[in-house]
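# Understanding the architecture of this molecule
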Amino acid sequence: MSDNRTTDDHLTDRVTHPLYPLSSQYDARWTVDNQMGPNALWLLEWLAPALGLDALRPCARVLDLGCGRAMTSIFLAREFHAQVTAADLWVAPDDNARRIAEAGFADRVLPVHAEAHDLPFAEGGFDAIVSIDAYQYFGTDDLYLPTLTRLLKPGGRIGIVVPALREEPEGAEPPEHVRAWWDPGFWCWHSADWWRRHWTRSGAVEVEAADWLQDGWRDWLTWCEVVAEESPEEFHRTMGRRVAEMLRADEGRTFGFVRVVGRRT
């Protein structure tokens, strides 16, 4: 009996994940075409329960910091009925505005061009700040979190998911078994304990969660394999192949994801 299902049907099967039922409702081709790294919808869906429904209640004002191509911003508007400011440095607001309008959320998601150290927003203007696969690029600075959390209302929450290390490496050399793939940028990846300590000693938030995504490396590998085959952009196909090789060699000993949630004190 022949298989009459389309290529996109098979792609949907590959990215349908039992742990992420909301994300699995999104068009698989759309998520592949607009990705800029790990599956941001999966990671946001993992973050949301830790962030709490009070932070993501209907009409909550949410800053999506480092939103990329605004998939996460659309997710926040669709799934939680939030009013989202989609801030990114690398993707032009006009590009994101078109994508947001096509998804039907032009009235709930505002795209802006912003650099993380120069955010043009009023103090206390947001109920929540979310950042998926972006915060590691600027948030390891000891002085950054207190500056950012001034944008939150008192009691507001910030939640991030970042690529991470299971444990902090000793010394100045990467683990030997992943040396061939190691990039200097990986030194901004840290463990859950590191992030908990980093945020706690800032005095800006009460840390409510800092944990490791169990078997997150397997999800990351699955996604990289899909991107390596299906992305329309050669850069992302090449990056997907390289990261997939690294994750296969590592088998979860080193690489994965950490989520961190803090409440403004």
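Residues numbered from 1 in each chain as written. Predicted model: local features only at pLDDT ≥ 70, side-chain atom pairs only at ≥ 80, totals over all residues. Heavy atoms only, no water.

## Comments concerning the overall build of the protein
Counting its secondary structure elements, the protein contains 9 helices and 7 strands. Taking 2.2 N^0.38 as the reference for a compact globule, 265 residues should give roughly 18 Å; the C-alpha atoms of the protein span a radius of gyration of 18 Å, in line with that estimate. In terms of principal-axis extent, the alpha carbons of the protein reach across some 60 × 50 × 30 Å. Each charge class in the protein can be summarised by its mean position, and for the 27 positive and 42 negative side chains these summaries are 3 Å apart. (Helix = DSSP H or I, 4+ residues; strand = E, 2+ residues; numbered from the N terminus. Rg over C-alpha atoms; globule rule 2.2 N^0.38 Å. Lys, Arg positive; Asp, Glu negative; His and termini not counted. Charge placed at Lys NZ, Arg CZ, Asp CG, Glu CD.)

## Describing the packing of aromatic side chains
Under the defined criterion, the tally for this structure stands at 21 aromatic pairs. Centroid distance Tyr 135 to Phe 138: 5.5 Å. Interplanar angle 70°. Geometry classified as edge-to-face. Residue Tyr 135 shares its accessibility class with Phe 138, and that shared class is buried. An aromatic cluster is built from Trp 182, Phe 186, Trp 187, Trp 189, Trp 220, Phe 255 and Phe 257, whose rings are joined through pairwise contacts. Taking the ring centre of Phe 126 as reference, the NZ or CZ of Arg 61 above it sits at 5.1 Å. The side chain of Arg 78 reaches across the aromatic face of Tyr 26, ending 4.5 Å from its centre. (Phe/Tyr/Trp six-rings, centres within 6.5 Å; stacked < 30°, edge-to-face > 60°. Buried < 20%, exposed > 50% of the residue type's maximum accessible area, 1.4 Å probe, protein only. Lys NZ or Arg CZ within 6 Å of the ring centre and 35° of its normal.)

## Focus on the nonpolar core
In summary, soluble globular proteins display a tendency toward joint burial of nonpolar side chains. Among the nonpolar cores identified, the biggest contains 60 residues, and Val 62, Ile 132, Trp 220 and Phe 255 are the most heavily contacted of them. Broken down by element, this core gets its largest block of residues, 9 residues, from helix α3 (residues 40-51). When near neighbours in sequence (up to four residues on either side) are disregarded, Val 62 contacts Ala 55, Leu 56, Leu 76, Ala 82, Gln 83, Val 84, Thr 85, Phe 126, Ala 128 and Val 130. Counting 33 residues, the second-largest nonpolar core is a separate cluster that includes Ala 114, Ala 116, Phe 138 and Val 207. (Core = buried A, V, L, I, M, F, W, Y, C linked by side-chain atoms within 4.5 Å. Contact = heavy atoms within 4.5 Å.)

## Digging into the side chain of Asp 88
Tracing the sequence through the fold places Asp 88 in strand β2 (residues 83-88). Although Asp 88 lies buried, it forms no salt bridge, and the closest oppositely charged side chain, Arg 69, sits 8.5 Å away as judged by the N-O distance. In terms of polar contacts, Asp 88 uses its side chain to reach the backbone amide nitrogen of Gly 68, at 2.8 Å. Of the polar contacts made by the side chain of Asp 88, one reaches the backbone nitrogen of Val 91; its length is 2.9 Å. If sequence neighbours within four positions are ignored, Asp 88 has contacts with Gly 66, Cys 67, Gly 68, Val 112, His 113 and Ala 114. (Salt bridge = Lys/Arg side-chain N within 4 Å of Asp/Glu carboxyl O. Polar contact = N/O pair within 3.5 Å; in protein donor to acceptor, adjacent residues only side chain to side chain.)

## Some remarks on the pairing of strand β3 (residues 109-113)
Pairing between β2 and β3: 5 bridges, direction parallel. Along β3, the bridge assignment pairs Asp 88 with His 113. (Pairing = 2+ DSSP bridges.)

## Observations regarding the sheet that holds strand β6 (residues 205-212)
The strands that make up a sheet pair up through hydrogen bonds in the backbone, lying either parallel or antiparallel. With respect to topology, 7 strands assemble into an open sheet ordered β3-β2-β1-β4-β5-β7-β6, the strand pairing being mixed. Where the open sheet ends on each side, the last strands, each with one partner, are β3 and β6. Here the average twist between neighbouring strands, direction ignored, is 15°. Strand direction decides the pairing type here: strand β1 (residues 61-65) and strand β4 (residues 126-132), joined by 3 bridges, are parallel. (Axes fitted to C-alpha atoms, helices over the stretch in contact; angles between N-to-C directions.)

## Remarks on a nonpolar patch on the surface
A surface patch of nonpolar side chains, about 480 Å² in accessible area, is lined by Met 36, Leu 89, Trp 90 and Tyr 137. Examined against the element boundaries, Met 36 turns out to sit in the loop between α2 (28-34) and α3. (Patch = residues over 30% accessible without salt bridge, like charges linked within 9 Å, V, L, I, M, F, W, Y side chains within 5 Å. Areas by Shrake-Rupley, 256 points an atom, 1.4 Å probe, with all protein chains shown as cover.)

## Quick look at the pairing of β4
With 7 of 7 residues buried, β4 is to be regarded as a mostly interior element. Of the strand pairs in this sheet, β4 and strand β5 (residues 152-165) are connected by 6 bridges, and their pairing is parallel. Bridge pairing links Ser 131 to Ile 160 in β5. Regarding the hand of the β-α-β motif, the stretch spanning β4, helix α6 (residues 144-149) and β5 is right-handed. (Right-handed = clockwise from strand over helix to strand, strands pointing away.)

## Section: unusual backbone geometry
Residues other than glycine predominantly adopt negative phi, and peptide bonds predominantly adopt the trans conformation. Non-glycine residue Cys 59 carries a positive phi angle of around 75°. Structurally, the position occupied by Cys 59 is in the loop between α3 and β1. A positive phi angle, near 60°, is found at Asp 215, a position not held by glycine. With respect to the element layout, Asp 215 can be found in the loop between β6 and α8 (216-230). Its relative accessible area of 36% is what places Asp 215 among the partly exposed residues.

## What about the side chain of Arg 69?
Tracing the chain through its elements places Arg 69 in the loop between β1 and α4 (71-80). With sequence-adjacent residues up to four places away left out, Arg 69 is seen in contact with Asp 33, Asn 34, Gln 35, Met 36, Val 91, Asn 96, Arg 99, Glu 233 and His 236.

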